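What follows is the residue order along each chain.
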Amino acid sequence: MENLELLIDLHKHSDRQGPGSDSATERAITLASLDESQRLRIADLGCGTGASTLCLANKLNAEVIAVDFVPEFIEILQRNVEASGLSQRVHPQVRSMDDLEFANNELDVIWSEGAIYNIGFERGINDWRPFLKPKGVLAVSEITWLTDRRPDEIQSYWHAQYPEIDTASSKIRLLEEAGYSPLGYFTLPEHCWLDNYYHPLQRRFDEFLDRHSGSDDAQALVEAEIQEIKVFKEFKAYFSYGFYIASKLA
Ligand SMILES: C[S@@+](CC[C@H](N)C(=O)[O-])C[C@H]1O[C@@H](n2cnc3c(N)ncnc32)[C@H](O)[C@@H]1O
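First things first, this report covers the structure right here in the doc. Quantities reported herein were computed from a predicted structural model and do not represent experimental measurements.

Comments concerning the pattern of salt bridges
Pairing is possible between side chains that carry opposite charge, provided their charged atoms lie close to one another. Inspection of the entire model under this criterion finds 13 salt bridges. Here R123 and D127 are joined by a salt bridge, their closest N and O atoms 3.0 Å apart. With R123 and D127 both in helix 5 (residues 121-128) and 4 residues apart, the pair spans about one turn of that helix. The class of R123 is partly exposed, set by a relative accessible area of 38%.

Let's talk about the site of the ligand
Around the ligand sit 18 residues, and of these Q17, G46, D68, M97 and E113 come closest. Separating an oxygen atom of the ligand from a backbone N or O atom of Q17 is a distance of 2.9 Å. Take F69: an N or O atom from its main chain is 3.4 Å from a nitrogen atom of the ligand. Calculation on the ligand without its partners gives an accessible area of 590 Å², and the protein chains cover 91% of this total. Structurally, the ligand is housed in the largest pocket. Partitioning the shell around the ligand into residue classes produces 7 nonpolar, 7 polar and 4 charged.

Quick look at the environment of A43
With respect to the helices, strands and loops of the structure, A43 is situated in strand 1 (residues 40-45). Taking the C-alpha atoms as reference points, A43 and S169, 126 residues apart in sequence, are found 26 Å from one another. Those residues in contact with A43, other than ones at most four positions away along the chain, are I65, F102, L107, V109, I110 and W111.

Re the packing of aromatic side chains
Evaluated as defined, the whole model comprises 16 aromatic pairs. Aromatic pair W193 and F232: ring centres 4.5 Å apart, planes at 15°, arrangement stacked. With W193 in helix 8 (residues 190-202) and F232 in helix 10 (residues 216-235), the pair connects residues that are 39 residues apart, well separated along the chain. Each of the two residues, W193 as well as F232, counts as buried. Here Y197 and Y198 contribute two aromatic rings whose centre-to-centre distance is 4.9 Å and whose plane-to-plane angle is 35°, an arrangement assigned as tilted. On the basis of relative accessible area, Y197 is assigned to the buried category, the value being 8%.

Details of a negative patch on the surface
Judged by side-chain charge, E2, E5, D216 and D217 come together as a negatively charged surface patch. Within the secondary structure, D217 is located in helix 10.

What about the environment of L107?
Within the fold, L107 resides in strand 4 (residues 107-113). Judged by relative accessible area, which is 0%, L107 ranks as buried. Through-space distance from the C-alpha of L107 to that of G184 is 20 Å; in sequence the pair is 77 residues apart. Residues contacting L107, with those up to four places away along its chain left out, are R41, I42, A43, I65, F102, F131, L132 and K133.

With respect to the layout of surface pockets
Size it by volume and the largest pocket reaches roughly 1200 Å³. For the largest pocket, the lining is made up of 48 residues, of which Q17, G114, Y117, N118 and Y197 are closest to its centre. At the level of secondary structure, the elements contributing two or more residues to the lining of the largest pocket comprise helix 1 (3-11), helix 3 (51-59), strand 2 (62-68), strand 5 (132-145), helix 6 (152-161), helix 8, helix 10 and strand 8 (239-248). With 6 residues, the top contributor of residues to the lining of the largest pocket is helix 10. Residues that form the lining of the largest pocket fall into these classes: 27 nonpolar, 13 polar and 8 charged. Volume-wise, the second largest pocket comes out at about 170 Å³. Lining the second largest pocket are 13 residues, and of these L40, D108, K135, G136 and V137 sit closest to its centre. Contributing elements (two or more residues each) for the lining of the second largest pocket: strand 4 and strand 5. With 5 residues, the single largest contributor to the lining of the second largest pocket is strand 5.

Definitions and limits used
Residues numbered from 1 in each chain as written. Predicted model: local features only at pLDDT ≥ 70, side-chain atom pairs only at ≥ 80, totals over all residues. Heavy atoms only, no water. Salt bridge = Lys/Arg side-chain N within 4 Å of Asp/Glu carboxyl O. Helix = DSSP H or I, 4+ residues; strand = E, 2+ residues; numbered from the N terminus. Buried < 20%, exposed > 50% of the residue type's maximum accessible area, 1.4 Å probe, protein only. Near = heavy atom within 4 Å. Polar contact = N/O pair within 3.5 Å; in protein donor to acceptor, adjacent residues only side chain to side chain. Areas by Shrake-Rupley, 256 points an atom, 1.4 Å probe, with all protein chains shown as cover. 1 Å grid on protein atoms, 1.4 Å probe; cavity = no way out; pocket = protein on both sides within 12 Å on 5 of 7 lines; lining within 4 Å. Sits in = over half its atoms within 2 Å of the grid points. Nonpolar A, V, L, I, M, F, W, Y, C, P; charged D, E, K, R; others polar. Contact = heavy atoms within 4.5 Å. Phe/Tyr/Trp six-rings, centres within 6.5 Å; stacked < 30°, edge-to-face > 60°. Patch = residues over 30% accessible without salt bridge, like charges linked within 9 Å, V, L, I, M, F, W, Y side chains within 5 Å. Lys, Arg positive; Asp, Glu negative; His and termini not counted. Charge placed at Lys NZ, Arg CZ, Asp CG, Glu CD. Points joined across faces, edges and corners; volume = space filled by probe spheres on them.

Printed below as a string of structure tokens:
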């Protein structure tokens, strides 16, 4: 099995493929001051199996186009959408976030939790902007330094993983430079990482290793996840996901 297939198999059984929570999604909805009386058109990019998609659809009178490039994640979301009776308003799509087919000024909202890093924050906020209507809302969560001073060890770790990691003030500046007006910012609390993401993932390591017994790649994948969890626990004072909410200037 290829590494990507292993990664998908490890993560597809979880409700979330990254840190987050319904209450964080709801807090971002509040900061965005979305008009609940209007039928909004929302794209949820890098939706995974759709935790945020379902929360958006349940909270808002919205049509949600949920995009992810992993067909297995989209299939799971499609099943959950049907089971929740949301098929009329939620449209899961297998597609890459760097090859979107929205028209200019089509969307009221672009949502993306823990996924914009796949094309990079700066590229994502610039490339996606034309799809938003004037005054449309961008809401994205992105790995963020919580302070400008941090130990060399965590600095090098994140620079190897994702060199675009930066402080909130730098990310907000990028949003301003790209033609957005910031509406709000908050960081994801620890339970979004541990209770909602790492602990459910950890509980599935044994069955995953049983399914792939004898696979060095599967073993290496689990070890990398264990290392990531260890790094989070040791250095969580220095980084988290920041949730950025901004509106497109007309
Ligand atoms: C860290 S997960 C977050 C998933 C989900 N938003 C959540 O919070 O549970 C990142 C997601 O981005 C998706 N992804 C990665 N590269 C992508 C791309 N180029 N286009 C679309 N989705 C992509 C992955 O398949 C994965 O579902």
